[in-house]
Amino acid sequence: MKQRHAKFNLLITQVLIGFVCLMLSFNLKGIQADENNKNIKDETKIVIFHINDVHSHIDNFAKIAKLVEEERKINPDVFLMNAGDNFSGNPIVDHYVPKGEPILELMNKLKFDIQVIGNHDFDYGQTILKSFIKRANFPIICANVKVSGGVISQPEPYVFLKTKNGLKIAVLGIVQIDEDTQIPSTLSKNVEGVVFSNGIEEAKKYKYLKKESNIFIALSHLGYEDDELLAKEMSELDIIIGGHSHTIIENQTEINKVLITQAGAYGEYLGKIVITLKNGQIIKKRGELIDLNSFKKENPKIKALIAKYNDNPELNQVLTKLTKPIIGNSELGSLMTDAVRNVFDLDIVFHNSGGIRIDKLEGEVTIKDVYTLFPFENVVVQFKMTPAEIRTLIKFDYERHKHTDLMVSGIQYTVKHTMKDKVKNIELRDEKGEFLDENKTYDVGLNSYIASIYKFSHKDPGRSLKTGVAHAIIQYLKQKRDLTIYNGIQRTFEELIYEGDLTKIGKTEVEISAGNDPFGSSTSAGNLIADAMRFSTRVNIALFPSRLQKRNYKIKAGESLFEEMIPKLYSYVDKNRIITGYMKGSDLKQFILKRSQFRNNIDLQISGMKYKIYYDSEGKVVSVECYLANEEKIVDSLTYTIAFNDYDFNKYYYISDKVKEQSVSKKDLYEILYAHIKGVGVISSSISEKRVEILRSKK
Amino acid sequence: MKVKVNNREIETFSGALVGDALLKYSKKEYKFIRNGEKIVVDKHDNKRFLSGELSAGETLYIKNKG
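For the structure given in this document, a descriptive report is provided here. (Residues numbered from 1 in each chain as written. Chains lettered and ligands numbered in written order. Predicted model: local features only at pLDDT ≥ 70, side-chain atom pairs only at ≥ 80, totals over all residues. Heavy atoms only, no water.)

Summing up its helical and strand segments, chain B has 2 helices and 5 strands in all. Its helices and strands in sequence order give chain B the pattern β-β-α-α-β-β-β, from N to C terminus. For chain B, the spread of C-alpha atoms along the three principal axes comes to 30 × 25 × 20 Å. A buried classification covers 55% of the 66 residues belonging to chain B. Put simply, of all contacts in chain B between residues at least 6 apart along the chain, 45% involve residues at least 24 apart. Accessible surface, chain B: about 3100 Å² in total, of which carbon and sulfur atoms supply 43%. In chain B, 14 side chains carry a positive charge and 9 a negative one; their mean positions are 5 Å apart. (Helix = DSSP H or I, 4+ residues; strand = E, 2+ residues; numbered from the N terminus. Buried < 20%, exposed > 50% of the residue type's maximum accessible area, 1.4 Å probe, protein only. Contact = heavy atoms within 4.5 Å. Areas by Shrake-Rupley, 256 points an atom, 1.4 Å probe, with all protein chains shown as cover. Lys, Arg positive; Asp, Glu negative; His and termini not counted. Charge placed at Lys NZ, Arg CZ, Asp CG, Glu CD.)

Pasting the structure below:
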């Protein structure tokens, strides 16, 4: 009986406990619902400002500050969000010490509320990102990341933001990953110890946040295409604030009732979302973009801070000091390709001459100099290529430029071509001079311009390494290597194959070439052209611009000269006639000085005259001395007959009125060179003479 | 990866940007866009920056400005 009672009592107790638990559970849910629906009678207006993909462009932060502070004056519920990718894109900020500081301080000053990690936020490495997260006065979230052995701490997947009257905004963060690598688009070494999962799949695990909030937002760095998919799969979301694809969503759209927005990039636009809630429910949501380039008001304190950051002394940081200058495409191109090969651990790297924007590096080389050498944002793209595929790249390049334009590291190559520039064969040799293994596949690096523009065979579609060429050069120069190896270096060669009907017009006893630096000396090709101009027009002095010579083309001593070789000696074949006239010695000297200062090197090849260029201790041209071929000095008061090519003469506006009695030749330069070589028969050693000298200033 | 520019299929490298695909499509059109004479938009007519990241299968269109 006692046992029965005991059992009955136990049953009653269990039922009571169960009932209490059930009631408690209802009460908890009720409390939570009440919490979400607080102030149900009021309409609440929430304003969310957002930016994305700033990529170190800070100039518009003063305008953002102004807009946000004006809104905060009239509205208690203003939020400021960032959809990721603060770093990489502006050398002034990217090279600030400590890295990331300008963005961090600006975001803190503007009182950002939240940010999602973007793929490029890993670009400076995890140590920098960790410091950024630690010092940020706002949470930095990401749901599809698991930190196992990485440097950064595990970020929160989401946070709740609250309005002044207690309404809850759930903000979930997600970042893009590449399908093939399963990591975000950054260098793999930047995300070591961090595991990523699919952003959309991960986001779906947080659907429950809908019930726990009044507004559910995905702060997404997936890109617009994936934001669309996310909206289709997750109607629980109210808003997706996007980034990554740099999309300017001016006409706000809703997919599956989810508002998707994105504010372009570089802080050129500020997104503004206005949400109205009643009874804790959204009754209206509307987004717009504010074009910050059209907005003129700025917060003066933030503007001053930006000015401070823009005056970054780090850009003048000396990376290395050259004992000898690195001059011309061959030397500079070899340095640049070696840098990329070294930093990205590749077998072979190519770089186009058009991507070399200065003639030389000398003395102290700063970060700013590197960005002058290569001012483009092109990144490195990696391909796995066979030698046969590499040949198709070199062939395309040669036939496009009519000379070897691609600088290279890891190999040297010789293009064997006909007089009409048809490529017959390309020899590829490694650094020891051995032929490449035809059965092997090599890791080849190209800049993204070559990867996109050049037509070549490659089974491997290639992959972006997401890091710029300039970055690699800076890293390489910091290694303090012996850079004298680049003086006189040559890795690309051309060899002429004689075939078909050619018109022989003469022979040469000496090599004819502009070398690989047409500005570094008077060249045999330049002397020949200037001689032909002078003899044809019977003037005292002829001048031909160094820049119109073709680099790397060489006619060996003892070879026959064919008419078909003429266009290989200089550019603008059809555009050159000869202008002759009279010029005073003083004007001529002034002209040569100005051109030498413009180029800070040898800008003019010459005949009938010699000149010496003097540099000061800072490497700037300060004076010239001019002599006739017989060593007599050019006299200021005397008048000399002069010949120029018309294509450049017409651009030398400052001497157009100094040359009197101008006339233009009937023959063009092609015809003049043809007649000269045919008339002379054998080109002698006189074209090898040094007609221009470079000297230190006597002072 | 493959994307479409003005309905023409372009095969470009993984991780390519909008500008890379446009360069492959036409250097001339790329320059028009870079100089601000034309714009590039996605399938929803949203304007894209040349620096924007691309996804496989995306469609881009080149349009006159205005």
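In terms of regular secondary structure, chain A is built from 17 helices and 40 strands. Taken over the C-alpha trace, chain A has a radius of gyration of 35 Å; the compact-globule value for 699 residues is 27 Å, which it surpasses by more than 25%. Projected onto its principal axes, the C-alpha coordinates of chain A cover approximately 135 × 60 × 45 Å. Burial analysis of chain A (699 residues in total) assigns 55% to the buried set. A fraction of 75% describes how many contacts in chain A between residues 6 or more apart in sequence connect residues 24 or more apart. (Rg over C-alpha atoms; globule rule 2.2 N^0.38 Å.)

Let us look at the sheet that holds strand β2 (residues 78-82) of chain A. All names here are of chain A. Sheet architecture is open: 6 strands sit in the order β4-β3-β2-β1-β14-β15, paired in mixed fashion. Each edge of the open sheet is held by one strand with a lone partner, namely β4 (140-141) and β15 (281-291). By the bridge criterion, 8 bridges tie strand β1 (residues 43-51) to strand β14 (residues 269-278) in an arrangement that is antiparallel. Note that in β14 the partner of T44 across the bridge is L277. (Pairing = 2+ DSSP bridges.)

Here the focus is the pattern of salt bridges. Residue and element names in this part refer to chain A. This structure, assessed with the given rule, holds 36 salt bridges over all chains. Of the charged contacts, one joins E70 and K297 as a salt bridge, the two residues approaching to 3.6 Å between their closest N and O atoms. Residue E70 is found in helix α2 (residues 61-74), and its partner K297 is found in the loop between β15 and α8 (300-310); the two are separated by 227 residues along the sequence. Judged by its relative accessible area of 29%, E70 is partly exposed. We classify K297 as partly exposed; its relative accessible area is 46%. (Salt bridge = Lys/Arg side-chain N within 4 Å of Asp/Glu carboxyl O.)

Here we take up the packing of helix α14 (residues 524-537) of chain A against helix α17 (residues 669-680) of chain A. Packed helix pairs are characterised by how far apart their axes lie and by the angle those axes make with each other. Residue and element names in this part refer to chain A. With their axes 9 Å apart at the nearest point, α14 and α17 run at an angle of 90° to one another. In terms of orientation, α14 and α17 fall into the roughly perpendicular class. In contact with L528, I529, D531, A532, M533, F535 and S536 of α14, α17 contributes L669, I672, L673 and H676. In terms of residue class, the contact of α14 with α17 is made up of 8 nonpolar, 2 polar and 1 charged. (Axes fitted to C-alpha atoms, helices over the stretch in contact; angles between N-to-C directions. Parallel < 35°, antiparallel > 145°, perpendicular 65-115°, else oblique. Nonpolar A, V, L, I, M, F, W, Y, C, P; charged D, E, K, R; others polar.)

Now for the interface of chain A and chain B. At the junction of the two partners, chain A supplies 32 residues and chain B supplies 22 residues. Carbon and sulfur atoms make up 50% of the area that chain A and chain B hide from each other, which totals about 2300 Å². Considering only the side of chain A, the residues that lose the most area to chain B are E225, I248 and S452 of chain A, jointly responsible for 24% of the buried surface there. One salt bridge in this structure joins E53 of chain B and K466 of chain A, with 2.8 Å as the shortest N-O distance. In this assembly, chain A and chain B are joined by 18 residue pairs in polar contact (both at pLDDT 80 or more). At 5 residues, the largest contribution of residues to the side of chain A that touches chain B is made by helix α12 (residues 448-453) of chain A. (Buried area = accessible area lost by both parts, 1.4 Å probe. Polar contact = N/O pair within 3.5 Å; in protein donor to acceptor, adjacent residues only side chain to side chain.)

It is characteristic of soluble globular proteins that their nonpolar side chains tend to be buried jointly. Counting residues in each nonpolar core, the largest one holds 49 residues, and the members touching the most others are F61 and F196 of chain A. It is α2 of chain A that contributes the most residues to this core, 6 residues altogether. Filtering out sequence-adjacent residues up to four positions away, F61 of chain A remains in contact with I51, V54, L106, M107, L110, F112, I302 and I306 of chain A. F383, V423 and Y449 of chain A together with L60 of chain B belong to the second-largest nonpolar core, a separate cluster that totals 44 residues. (Core = buried A, V, L, I, M, F, W, Y, C linked by side-chain atoms within 4.5 Å.)

It is worth spelling out unusual backbone geometry at this point. All names here are of chain A. A cis geometry characterises the amide bond from V97 onward to P98, with omega recorded as 0°. Among the secondary structure elements, P98 is positioned in the loop between α3 (91-94) and α4 (101-109). For D345, which is not a glycine, the phi torsion comes out positive at approximately 55°. Along the chain, D345 falls in the loop between α9 (328-344) and β18 (348-352). Despite not being glycine, R538 shows a phi value in the positive range, around 55°. As for its placement among the helices and strands, R538 is situated in the loop between α14 and β30 (541-545). Judged by its relative accessible area of 76%, R538 is exposed.

What follows covers the sheet that holds strand β35 (residues 609-615) of chain A. Residues and elements named next belong to chain A. The strand order β36-β35-β40 describes an open sheet built from 3 strands, whose pairing is mixed. Of all the strands in the sheet, just β36 (621-628) and β40 (692-696) have a single pairing partner and so form its edges. When the angles between neighbouring strand axes are averaged without regard to direction, this sheet yields 20°. Where β35 lies against β40, 5 bridges are found, and the strand directions are parallel. Among the inter-strand pairings, Y611 is bridged to a residue of β40, identified as V692. Packing of helix α15 (residues 585-599) onto the sheet brings it into contact with β35 and β36, and relative to β36 it is tilted by some 135°.

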